[in-house]
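# Working through the structure, step by step
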Amino acid sequence: MSEIEIGRGKRARMTYTLDDVAIVPTRRTRDVREVSTAWQLDAYHLDIPVLSAPMDSVASPDMMIRLGRAGGLGVADLEGLWTRYEDPTPLYEEIAALPAESATARLQQIYAERPIDTGLVRYRVAQLRGAGVTVAGACSPGHAKEIVPPAADAGLDLLVIRGTTVSAEHVSATREPLNLRGLIYDLDIPVLVGGAVTYQSALHLMRTGAAGVLAGYGGGAASATLRTVGIAAPMATTIADIAAARRDYLDESGGRYVHVIADGSVGSSGDLIKALACGADGVMLGTILARASEAPGRGWHWGPEARHPRLPRGERVYVGTAGTLEEILVGPTSSARGHTNIMGALRHAMAANGYSDCKEFQRAQLVVTRR
């Protein structure tokens, strides 16, 4: 990758966002009816390469059940409103009505007023298991020791350890860091870990035994990470780098395949398609799913970054409503904004490039459209 000179004392690598690249069809096309969006995430067969982001504006029990029945994977926020309050519905109504100038402060108060209730963690996992869908839940590294045991005991199928930046080598002189390798080894369920934004960080996470790595650090439309702490993950480059780590780890490990899940900056069907073409196996969606009429956020969207008690790195944003969850996933639609029938768009792109499934589609050719 080429470098450019910022000044005499600093050089920088040239990287690309999803907006910077496009897919170029080659010599072959395929009938769209012969294209499959199904894939295998560890032991679990999924009909579509879509995971919900563990954000309270998206991940209500009802939304996760609906997504699971539609062939995707709902991921519960095990530190969110649904594991702090028995019925957070009135809080959603309050959050939707908050004026912009006080929204973040009130979000901080709402989450601080009630600690995580491990009894509710068990209940939510059991609630999803009772609906007959694959049960996935997410927590931050700092709360894993508290949350993972009751969630696993209640029947969690898949665990996501998710943070802005998660490393296999966290250094702390004041408290014992989470031993990712030990946690993954002791659990009898697959673990996805992220965010990772570089080849080397992803490779280290793969060596812990993780079943998947989150490429990026989430947030998307609701993220203020670049503005607050100066960190960014240009997603086209991030996904491609981590896909390269997956390839090299496959050789290093003697054939162990680690899934790459794009997490962040995917706000339209075109973004989702390009994320897969860059090398992702699946995509974790926040903004797109927050636009569903069934989403609990009522058109508003926020993530864990917005509720941080000392340094919020996100905010509540209005994304509106684009249609029902079914219309967002599979249509029908009368809009060309890329917010609805996202799987129809994916199938069309795969067919236009001659690929029969998502794994093959990772070989699609890309061009740089802007610099």
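Residues numbered from 1 in each chain as written. Predicted model: local features only at pLDDT ≥ 70, side-chain atom pairs only at ≥ 80, totals over all residues. Heavy atoms only, no water.

## Side note on the overall build of the protein chain
From N to C terminus, the protein chain includes 14 helices and 16 strands. Against the compact-globule benchmark of 21 Å for 371 residues, the protein chain has a radius of gyration of 20 Å, which places it among compact chains. Reported as C-alpha extents along the three principal axes, the dimensions of the protein chain are approximately 60 × 50 × 45 Å. Out of the 371 residues belonging to the protein chain, those deemed buried represent 53%. Put simply, 67% of the contacts in the protein chain that link residues at least 6 apart link residues at least 24 apart. The average position of the 38 basic charges and that of the 40 acidic charges among the side chains of the protein chain differ by 5 Å. (Helix = DSSP H or I, 4+ residues; strand = E, 2+ residues; numbered from the N terminus. Rg over C-alpha atoms; globule rule 2.2 N^0.38 Å. Buried < 20%, exposed > 50% of the residue type's maximum accessible area, 1.4 Å probe, protein only. Contact = heavy atoms within 4.5 Å. Lys, Arg positive; Asp, Glu negative; His and termini not counted. Charge placed at Lys NZ, Arg CZ, Asp CG, Glu CD.)

## Remarks on the environment of Ala290
Structurally, Ala290 can be placed in helix H11 (residues 287-290). Discounting chain neighbours no more than four positions away, the residues touching Ala290 are Ser57, Val58, Ala295, Gly299, His301, Val319 and Gly320.

## Section: helix H1 (residues 61-69)
Here H1 has its buried residues at Pro61, Met63, Met64, Ile65 and Leu67. Check the buried side of H1 and you find it contacts strand E6 (50-52), strand E7 (75-77), helix H4 (118-130), H11 and helix H12 (325-330). The positive-phi residue at the C-terminal boundary of H1 is Gly71, with phi of around 105°.

## A closer look at the packing of aromatic side chains
Enumeration according to the criterion identifies four aromatic pairs in this entry. Taking the centre distance of 5.0 Å and the plane angle of 65° together, the rings of Trp300 and Tyr318 count as edge-to-face. With Trp300 in strand E14 (residues 300-301) and Tyr318 in strand E15 (residues 317-318), this pair connects stretches of sequence that are 18 residues apart. Measuring from ring centre to ring centre gives 6.0 Å for Tyr355 and Phe361, while their planes differ by 70°; the resulting arrangement is edge-to-face. Both residues of the pair, Tyr355 and Phe361, count as buried. Here a set of aromatic residues connected by ring pairs shows up, and it is made of Trp82, Tyr92 and Trp302. For Arg316, the ring lying beneath its charged end belongs to Trp300, and the centroid distance is 3.7 Å. (Phe/Tyr/Trp six-rings, centres within 6.5 Å; stacked < 30°, edge-to-face > 60°. Lys NZ or Arg CZ within 6 Å of the ring centre and 35° of its normal.)

## Some details on unusual backbone geometry
With the exception of glycine, the majority of residues adopt a negative phi angle, and the majority of peptide bonds are in the trans configuration. Put simply, Gly194 and Gly195 share a cis peptide bond, and its omega is 15°. Mapped onto the fold, Gly195 is located in strand E10 (residues 191-196). The residue after Gly331, namely Pro332, is reached through a cis peptide bond having omega 5°. Examined against the element boundaries, Pro332 turns out to sit in the loop between H12 and helix H13 (342-352). Non-glycine residue Asp42 carries a positive phi angle of around 55°. Checked against the element boundaries, Asp42 lands in the loop between strand E4 (39-41) and strand E5 (44-46). In this structure, Ser265 is a non-glycine residue whose phi angle is positive, near 65°.

## Remarks on the sheet that holds E10
Strand order in the open sheet made by the eight strands is E6-E13-E12-E11-E10-E9-E8-E7, with parallel pairing throughout. Lying at the two open borders of the sheet, with one neighbouring strand each, are E6 and E7. The mean angle between the axes of side-by-side strands here comes to 25°, regardless of whether they run parallel or antiparallel. Judged from the three bridges that link them, E6 and strand E13 (residues 282-285) form a sheet pairing that is parallel. Bridge pairing in E13 links Ser52 to Leu285. Relative to E13, helix H10 (residues 269-277) is tilted by about 145°, and along the sheet it contacts E6, strand E12 (259-263) and E13. (Pairing = 2+ DSSP bridges. Axes fitted to C-alpha atoms, helices over the stretch in contact; angles between N-to-C directions.)

## What to know about the nonpolar core
The tendency in soluble globular proteins is for nonpolar side chains to be buried side by side. One finds Leu159, Ile161, Leu272, Leu285, Leu346 and Phe361 to be the most contacted residues of the largest nonpolar core, which totals 84 residues. Apart from the residues lying within four places of it in its own chain, the contact partners of Leu346 are Thr37, Pro49, Leu272, Ile273, Leu276, Cys358 and Phe361. Grouped together as the second largest cluster of nonpolar side chains are 17 residues, Trp39, Leu41, Leu46 and Val75 included. (Core = buried A, V, L, I, M, F, W, Y, C linked by side-chain atoms within 4.5 Å.)

## Brief notes about a nonpolar patch on the surface
On the surface, a nonpolar cluster with roughly 210 Å² of combined accessible area is contributed by Val229, Ile231 and Leu311. By relative accessible area, Leu311 is classed as partly exposed at 41%. (Patch = residues over 30% accessible without salt bridge, like charges linked within 9 Å, V, L, I, M, F, W, Y side chains within 5 Å. Areas by Shrake-Rupley, 256 points an atom, 1.4 Å probe, with all protein chains shown as cover. Salt bridge = Lys/Arg side-chain N within 4 Å of Asp/Glu carboxyl O.)

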